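Summary of structural features
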Amino acid sequence: MREVLDRRPAVPWFEVHSENYFADGGPALATLERIRAGYPVALHGVGLSLGSTDALDREHLRKLKRLADRIDPALVSEHMCWSSVDGRHFNDLLPLPYNEDALDHLCTRVSEVQDYLGRTIAVENVSSYYAFPESTVPEYEFMAAVAERTGARLLVDVNNIYVNARNHGIDPTAYLAAIAPATVAEIHLAGFDDSGPIVIDTHGAPVAPEVWSLYERAIARFGPVPTLIEWDTDIPSFDVLQREAATAQRVLDHAAVAA
Amino acid sequence: MRPSLPELQRRFAAALQDSAGADSRIGAYRNTVVANYRNALGATYRVVRELTGTPFFNTAVDAFVASHPSTSGDLNAYGGELADFLASYPYGRELDYLADVARLEWALDEANRAADACGSPEATLAALAAIPGSDVAHQRFVLDPSCRFLQSPHPVLRIWQVHQPGAAGDGRVDLRAGGEQLMVRREAATPVIERLPAGDHAFLSSLAAGADLAAALDAALTADATFDLGTALRTHIASGVIMAVAH
C-alpha cells in the first residue's frame, strides 16, 4: 500500500477486502483513504455470511456501512455463500444448495443488505467442492435469478466457474449464457490447485490457460468488464503480476476494438 | 420431506467439524478452515508461534478454535482469548511466560485497530483547571483509545524484543530478570511498548478502567508510596495518554 502511494502506478482501480478496514481507526484505514483520493476503490467482503439462516450480523453490517460511507466505493460485493450457523462462524465461503428455499432466503438477505447500505451490491459466485443433492437448479440459473429478483449486480468469477465445472460437471458455456450481460459489474480471475482429486481455488498460482480461454468467451459476451486477478497466497513478484494483468488487458482491448 | 435450509447448514457444519469424517469434499473445506485459523492467529501471535514452534502452535490453535469458536465474520477480531486459553493449556507449562507474551501481542493488535486519538493537551489542561476543587476527586478521564496496559511477573518485553526481525544482541533473556508493567499505545502509525513505573501503571490502568481520580490515586499509592499525582497528570496529559476530561 505504501508503495502505491509512493509510485502512483497507472492502475484503473483498487479492490480490498472490506473486513480488513473494519477497524475504528489506525494506519490501514488512513492509507486506504489516501489511495481513495487518487483512485476508485471497490470493497469486496468475505464475512457477511449472506446465505446463512442465522440473523444478519447487524454489527458486521454497521461496520460495512461505516466503511462504504467513508470510502464511497465504486462497488460493494459479497459472496453467494454462507459462513455461519447457530452463532458459530467458520470464516470460509461455504456452499449453498441451489433450490427455491435457498434462493428465497438469499434474495431476502441481499435486499435487506442493499436497503441498509442504501446501495446496490454485487454478488459473486464461489468455487465449491461439495454439491448438495438437494439442489434443484443449476448454479448459474440460481445466480441469474438473484440478480433478476433483487436488482443486485453480479461479480462473475471466471476461475470459479471453471473450478466448479471441473468439480461438478457444470457446462461453462451454459453458465456464461445464463448470465445477462447487463447484470455483470466485475470479473475475477485467479489460479487454482489441481494436484488432488478436487480442484481447489487457492488464489496462489497463475491463471490457467483454460481459464484465460473461458475469460475470452466471457468478455466476448459481457463486453470489456473491469477485471481483477486475485492472488492472495504465494504472491509472486510485481513483474509476474503485471504480466498477468497485461494478458487480461489484451483480452479487454480486443473486445473494445471488436465492439 | 426435503430438509430445510437451516437443517442443511447444520448438517454441513457438523460434518465440517467431524475430523474423522470421510467425505473428501467436506474435507477440502475442513482443510481450508483449519489452515485459515492457524494462519490468522499465527500472524497475530507471531512471537508465541516462534517460542513454541509451529507444530505446537498449530495444535494449540486447533484446540482453541474448538473451544472458542469464532462468532464474527471479521477474522481480524478473532483470537483475543488465546492468552487465557494458553494459561490453562495442559501442555507447554515450562514456558510459563507464554500467556503474557500472547497478551502483549493481542494488545499490539488491538492498538493497531483502535480509534484515532483526538483532542489536545492544552484543551485537557484547560478543562481540568475549570473543574471546581470539590469535584476534582470524582473526575474521570478519557485515555487515548489505543492504550492497553498489562503487567507480568516475566520479562515479556525483553522476550518480545529478541524475537523481532533484525533484533540486535545475542538474543539471550534472563528469565529471572523480574516482572514488568507495560503500556502499549499507537503513536503515529505504529504501536509502541513502554515500561511504566508501578505507580504510573496502576494510576493509568485504573483511569482506563473508568476509576475516578481519587480511586486511581489510591491504586497508584498502593503500588508505589512515592507516587506523585501532579507529575503524573502533567506527564500523561502532555503525552496525550490522558486525552480528555470525561463528561
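Residues numbered from 1 in each chain as written. Chains lettered and ligands numbered in written order. Predicted model: local features only at pLDDT ≥ 70, side-chain atom pairs only at ≥ 80, totals over all residues.

Turning to the overall build of chain B, a few remarks are in order. Across its full length, chain B holds 11 helices and 5 strands. Over its C-alpha trace chain B gives a radius of gyration of 22 Å, far above what one expects of a compact globule, namely 18 Å for 247 residues. Along the longest, intermediate and shortest principal axes, the C-alpha atoms of chain B span 75 × 55 × 30 Å. Taken across its 247 residues, chain B has 38% of its residues classed as buried. (Helix = DSSP H or I, 4+ residues; strand = E, 2+ residues; numbered from the N terminus. Rg over C-alpha atoms; globule rule 2.2 N^0.38 Å. Buried ≥ 20, exposed ≤ 12 C-beta atoms within 10 Å, placed from the backbone.)

With that settled, consider the pairing of strand β2 (residues 41-44) of chain A. All names here are of chain A. Residues Val41 and Leu43 of β2 are buried on one face, and the alternating residues Ala42 and His44, pointing to the opposite face, are buried as well. Summarising the sheet, strand β1 (residues 14-17) and β2 pair through 4 bridges and their orientation is parallel. Across the sheet, glutamate 15 pairs through a bridge with alanine 42, a residue of β2. For the crossover from β1 across helix α2 (residues 27-36) to β2, the handedness is right-handed. The pairing of β2 with strand β3 (residues 75-79) spans 3 bridges and is classified as parallel. Note on β3: the bridge partner recorded for leucine 43 is valine 76. In this fold, the crossover linking β2 to β3 by way of helix α3 (residues 58-71) has right-handed handedness. (Pairing = 2+ DSSP bridges. Right-handed = clockwise from strand over helix to strand, strands pointing away.)

The next point concerns the packing of helix α4 (residues 100-117) of chain A against helix α5 (residues 139-150) of chain A. All names here are of chain A. Between α4 and α5, whose axes approach to 10 Å, the crossing angle comes to 45°. The orientation of α4 with respect to α5, classified from their angle, is oblique. Taken as a pair, α4 and α5 cross one another with a handedness that is right-handed. Contact with α4, carried on its side by Leu103, Leu106, Cys107, Val110, Ser111 and Gln114, involves Phe142, Ala145, Val146, Arg149 and Thr150 of α5 and no other residues of that element. (Axes fitted to C-alpha atoms, helices over the stretch in contact; angles between N-to-C directions. Parallel < 35°, antiparallel > 145°, perpendicular 65-115°, else oblique. Left-handed = near helix turned anticlockwise from the far one by under 90°. Contact = placed C-beta atoms within 7 Å.)

Turning to the sheet that holds β2 of chain A, a few remarks are in order. Residues and elements named next belong to chain A. Taken together, the 7 strands give an open sheet; going across it, the order is β1-β2-β3-β6-β7-β8-β11, and neighbouring strands pair in parallel fashion. This sheet does not close on itself; its edge strands, each paired only once, are β1 and β11 (227-230). Put simply, the sheet's adjacent strands are angled 25° from each other on average, direction ignored.

Another aspect to go through is the interface of chain A and chain B. Contacts between chain A and chain B engage 38 residues on the former and 34 residues on the latter. At the level of secondary structure, the elements contributing two or more residues to the side of chain A that touches chain B comprise β4 (82-85), β5 (88-94) and α4 of chain A. Ranked by residue count, the leading element in the side of chain A that touches chain B is β5 of chain A, at 6 residues. When its residues are assigned to classes, the side of chain A that touches chain B shows 16 nonpolar, 14 polar and 8 charged. (Nonpolar A, V, L, I, M, F, W, Y, C, P; charged D, E, K, R; others polar.)

So, about helix α6 (residues 158-168) of chain A. Residues and elements named next belong to chain A. Buried residues dominate α6, accounting for 8 of its 11 residues. Among the residues of α6, those classed as buried are Val158, Asn159, Asn160, Ile161, Tyr162, Val163, Asn164 and Asn167. Following α6 by one or two positions, glycine 169 has its phi on the positive side, about 70°.

What follows deals with helix α1 (residues 5-17) of chain B. Residues and elements named next belong to chain B. In a regular helix each residue adds 1.5 Å, so 13 residues correspond to 18 Å; α1 covers 18 Å between its end C-alpha atoms and thus fits that length. All buried positions along α1 are accounted for by Leu5, Leu8, Gln9, Phe12 and Leu16. Viewed along the axis of α1, the buried residues span an arc of 95°, placing them on a single side of the element. (Expected span 1.5 Å × (residues − 1). Arc of directions from axis to C-beta.)

By size, the foremost hydrophobic cluster in this structure holds 73 residues, and its most contacted members are Val123, Val146, Leu154, Val158 and Ala218 of chain A. Per element, the largest residue contribution to this core is 6 residues, and it comes from helix α8 (residues 209-222) of chain A. Apart from residues no more than four positions distant in its own chain, valine 146 of chain A is found in contact with Met80, Leu106, Cys107, Val110, Val123 and Ala152 of chain A. Membership of the second largest hydrophobic core comes to 50 residues, among which are Ala99, Ala102, Trp160 and Leu207 of chain B. (Core = buried A, V, L, I, M, F, W, Y, C linked by C-beta atoms within 7 Å.)

The next thing to look at is unusual backbone geometry. Residues and elements named next belong to chain A. Non-glycine residue aspartate 72 carries a positive phi angle of around 45°. Topologically, aspartate 72 is positioned in the loop between α3 and β3. Residue aspartate 72 is classed as exposed on the basis of its C-beta count, with 10 C-beta atoms lying within 10 Å. One non-glycine residue with positive phi stands out, namely histidine 203, at about 55°. Here histidine 203 falls in the partly exposed class, since 19 other C-beta atoms lie within 10 Å of it.

Let us now look at the sheet that holds strand β4 (residues 190-195) of chain B. Residue and element names in this part refer to chain B. Read from one edge to the other, the open sheet built from 3 strands follows the order β2-β3-β4, with strand pairing classed as antiparallel. Taken across any chain shown, the strands that pair with only one partner, and hence form the sheet edges, are β2 (148-152) and β4. With strand direction ignored, the average angle separating the axes of adjacent strands in the sheet is 25°. With 6 bridges connecting them, strand β3 (residues 180-187) and β4 associate as antiparallel partners. Residue pairing for β4: leucine 182 is matched across the bridge by arginine 195. Seen against the sheet, helix α9 (residues 198-208) touches β2 and β3 and runs at an angle of roughly 135° to β2.

The assigned domain composition of chain B is domain 1 (1-95) and domain 2 (114-247). Distance from the C-alpha centre of domain 1 of chain B to the C-alpha centre of domain 2 of chain B: 34 Å. (Domains from an automatic or database assignment.)

Looking now at the environment of valine 245 of chain B. All names here are of chain B. Position of valine 245 relative to the elements: it lies in strand β5 (residues 242-245). Overall, valine 245 belongs to the buried group, with 20 C-beta atoms counted inside 10 Å. With 125 residues separating them along the chain, valine 245 and serine 120 place their C-alpha atoms 11 Å apart. Apart from residues no more than four positions distant in its own chain, valine 245 is found in contact with Thr124, Ala127, Leu128, Gln139 and Phe141.

In the predicted model, chain B carries a mean pLDDT of 95, and the fraction of residues at 70 or more is 100%. Prediction confidence for the complex, expressed as pTM and ipTM, is 0.94 and 0.94 respectively. (pLDDT = per-residue confidence, 0-100.)

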